[in-house]
Amino acid sequence: MSYPLVQETASHFPKPSLNPQTQNIHNFELKFRAICNNLLSLTQSSSLPKGLSLHAHIIKSGIQIIPLVSHHLINFYSKLQLPLHSTQVFHETPFKSSTTWSSLISSLAQNEQPVLALSYFREMLRNGVRPDDHIFPCATKACGILGDYRIGQSIHGFALKIGFEFDVFVGSSLVDMYAKCGRIEIAREVFDEMPDRNVVTWSGMIYGYAQMGEDEEALRLFKLALSEGLDVNDFTFSSVIRVCGNSTLLELGKQIHGLCLKTSYDSSSFIGSALVSLYSKCGLVEGAYRVFDEVPVGNLGMWNAMLIACAQHGHTKKVFGLFKEMESVGMKPNFITFLCVLYACSHAGLVPEGKFYFDLMKKHGVEPGDQHYASLVDCLGRAGKLQEAVQVIERMPMQPTESVWGALLTGCRIHKNTELAAYVADRVFELGPVSSGVHVLLSNAYAAAGRYQEAAKARKVLRDRGVKKETGLSWVEEGNKLHTFAAGDRCHSKSKEIYEKLDELGDYMEQAGYVADTNYVLQQVAGHEKSETIRYHSERLAIAFALVTFPPERPIRVMKNLRVCGDCHNAIKIISKCTQRVIIVRDNNRFHRFEDGKCSCGDYW
Ligand code: ZN
Ligand code: ZN
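Residues numbered from 1 in each chain as written. Chains lettered and ligands numbered in written order. Predicted model: local features only at pLDDT ≥ 70, side-chain atom pairs only at ≥ 80, totals over all residues. Heavy atoms only, no water.

Before we move on, can you summarise the packing of aromatic side chains with the specific residues and values?
What the rule picks out here adds up to 19 aromatic pairs. When the ring of Phe235 is compared with that of Phe270, the centres are 6.0 Å apart and the planes differ by 25 degrees; the resulting orientation is stacked. With Phe235 in helix α13 (residues 234-246) and Phe270 in helix α15 (residues 269-281), the pair connects residues that are 35 residues apart, well separated along the chain. Through a chain of ring-to-ring contacts, the aromatic side chains of Phe320, Phe323, Phe338, Phe356 and Tyr357 assemble into a single cluster. Sitting over the ring of Phe90, Lys96 keeps its end group 5.0 Å from the ring centre. (Phe/Tyr/Trp six-rings, centres within 6.5 Å; stacked < 30°, edge-to-face > 60°. Helix = DSSP H or I, 4+ residues; strand = E, 2+ residues; numbered from the N terminus. Lys NZ or Arg CZ within 6 Å of the ring centre and 35° of its normal.)

What follows is the structure in structure tokens.
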């Protein structure tokens, strides 16, 4: 295809006179201006019905001939996340200026249509339109979404060829693209070679390191940005706060929060949602509530972050309350919102509520995805309604995924239904390679029912398929440093004290009536050894380390990458009672706050 190309037709119309022909032109201009203003205000208010009728009016009056009108119309649909409508407008426009192309490509890239965005980008080049510093970033953004750095690299080469070598916008978008494609080293090269960098460049680079889990480098760069006097923006702040949240570096996170307060960026909902998740991830849910209340205008991300925090900390009533509040202030819930609410239902054993919110999704125009199904199956499975869970899976409009079967396996494990677990295992095998999380669930389900041979077989089959079991690790923060432990490991410099503490606690615990629940040990070993192995699970080592290091009033926050086993859960309850300490454990699923012999999850997790 080939498109006629015109220069930008702004509102350069002749001044009105008495001549009837110029009067016509004048009327046309008035109409044109009114339509543009109308479109801009509709874009602000996101009103689709009014936009559609204005679109029809534009076609009827023939005014789409002016590229600026098309530009506004394309942007309108883009804002409403209707990229295909934007494409339609583009094709209805007889004369396409470079702005028309650029608004279309941007609409496609911003609305997760990277393939289309890149094909229109190529089409534009074929039509002889020279890309500008707006189009290049849109095209590289599309490559970033696709995760294909090679196409990005050819766009990079082309940008250099036509003289965008020193352009800060193009350069920043390249840094961002390479980082998103996981080519952090190329991103860094571009970053280092740029003569000028703005806050977007820095943020993109910091974000890139954060995404790759290179937290130290992300933080180092952030400090460098500050020392160079860069006016960091809310995106930079939120990136580093997320780094702190992911690494559960609470103390550093608090310092950066302090910095945000000084620069008055604390009122941004962008930073707000990062702070909410930082405090929540570090086990300080009160801090999350405080931030949520303090930020004046919350966006959807902020609400969702607060919902996740409440759900993970088992504040179920608060989740339902927040959801109601969202509805009353007209905040439209999205698929993440529903995931949070369903998660809360399943972790509190609220089956009717779970079903209610699942059905509510369609009323809000959100189509349930596999994760929502997994959540519903999880809810039913945990509550022992395994047959109903199977029916839900059978009625799914899409292929059940690993997470859906994994949820059912969790139910099987809790209710010791090994027969169904075996059936699920067969389905999981059919899926091909699975993640280590499911592998652990599967062997646990057998082990819990005492079928150690099958557990071993399941592990072997999965091992043959190349699935590695994730090592269970627990860690605590002390002196701006994370101290990490694996089960039974003796690498820590305070190992001797840690093991002495555990043995001392073991005696106390036995007096308190604790008997190790050996069901939780995977290997078939002699009874004595089982409780020995369990006694040194990683979270217990981390807790013992905190007990010998922390001052008595400091709550102990332990993070774990896997689920806490039932036996450790029991043991930590007793430890919290006999040491009179608050112990907060985050496993891969949720938070447990142990105090005076009880856990906030009510033993339902
Ligand atoms: Zn354990
Ligand atoms: Zn618990």
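The discussion continues.
Give a detailed account of the coordination of the zinc ion (ligand 2), specifying residues and quantitative values.
For a metal bound by four donors in tetrahedral geometry, the ideal donor-metal-donor angle is 109.5 degrees, whereas six donors in octahedral geometry ideally sit at 90 or 180 degrees. The coordination sphere of the zinc ion (ligand 2), as far as protein atoms go, consists of His569 (NE2), His592 (ND1), Cys599 (SG) and Cys601 (SG), spread over 2.0 to 2.3 Å. Between the 4 donor atoms coordinating the zinc ion (ligand 2), the angles at the centre fall across 102 to 118 degrees, so the site counts as tetrahedral. Expressed as a motif, the donor residue spacing for the zinc ion (ligand 2) is H-x22-H-x6-C-x1-C. Placement of the pair is His569 in helix α30 (residues 566-579) and Cys599 in strand β6 (residues 598-599), with a sequence separation of 30 residues. (Donors = N, O, S within 2.8 Å, 3.2 Å for Na, K, Ca; no water. Tetrahedral: all angles 85-135°; square planar, octahedral: opposite > 155°, others 65-115°.)

Break down the pattern of salt bridges for me, citing the residues and quoting the values.
This structure, assessed with the given rule, holds 18 salt bridges. Between Glu123 and Arg126 there is a salt bridge; the shortest N-O distance is 3.0 Å. Taken together, the positions of Glu123 and Arg126, both in helix α6 (residues 114-126) and 3 residues apart, correspond to about one turn of that helix. One salt bridge connects Glu539 with Lys560, and the closest N-O pair in it is separated by 3.1 Å. Of this pair, Glu539 sits in helix α29 (residues 538-549) while Lys560 sits in strand β3 (residues 556-560), placing them 21 residues apart in sequence. Here the residues in one salt-bridge network are Arg188, Asp192, Glu217 and Arg220, joined through shared partners. (Salt bridge = Lys/Arg side-chain N within 4 Å of Asp/Glu carboxyl O.)

A description of the nonpolar core should follow, citing residues and the corresponding values.
Of all hydrophobic cores here, the largest spans 145 residues; its most connected members are Val69, Ile256, Val276, Met306 and Leu408. Ignoring any residue separated from it by four or fewer positions in sequence, one finds Met306 in contact with Val276, Ala288, Tyr289, Phe292 and Leu322. (Core = buried A, V, L, I, M, F, W, Y, C linked by side-chain atoms within 4.5 Å. Buried < 20%, exposed > 50% of the residue type's maximum accessible area, 1.4 Å probe, protein only. Contact = heavy atoms within 4.5 Å.)

Remember, this is a structural readout, not a statement about activity or role.
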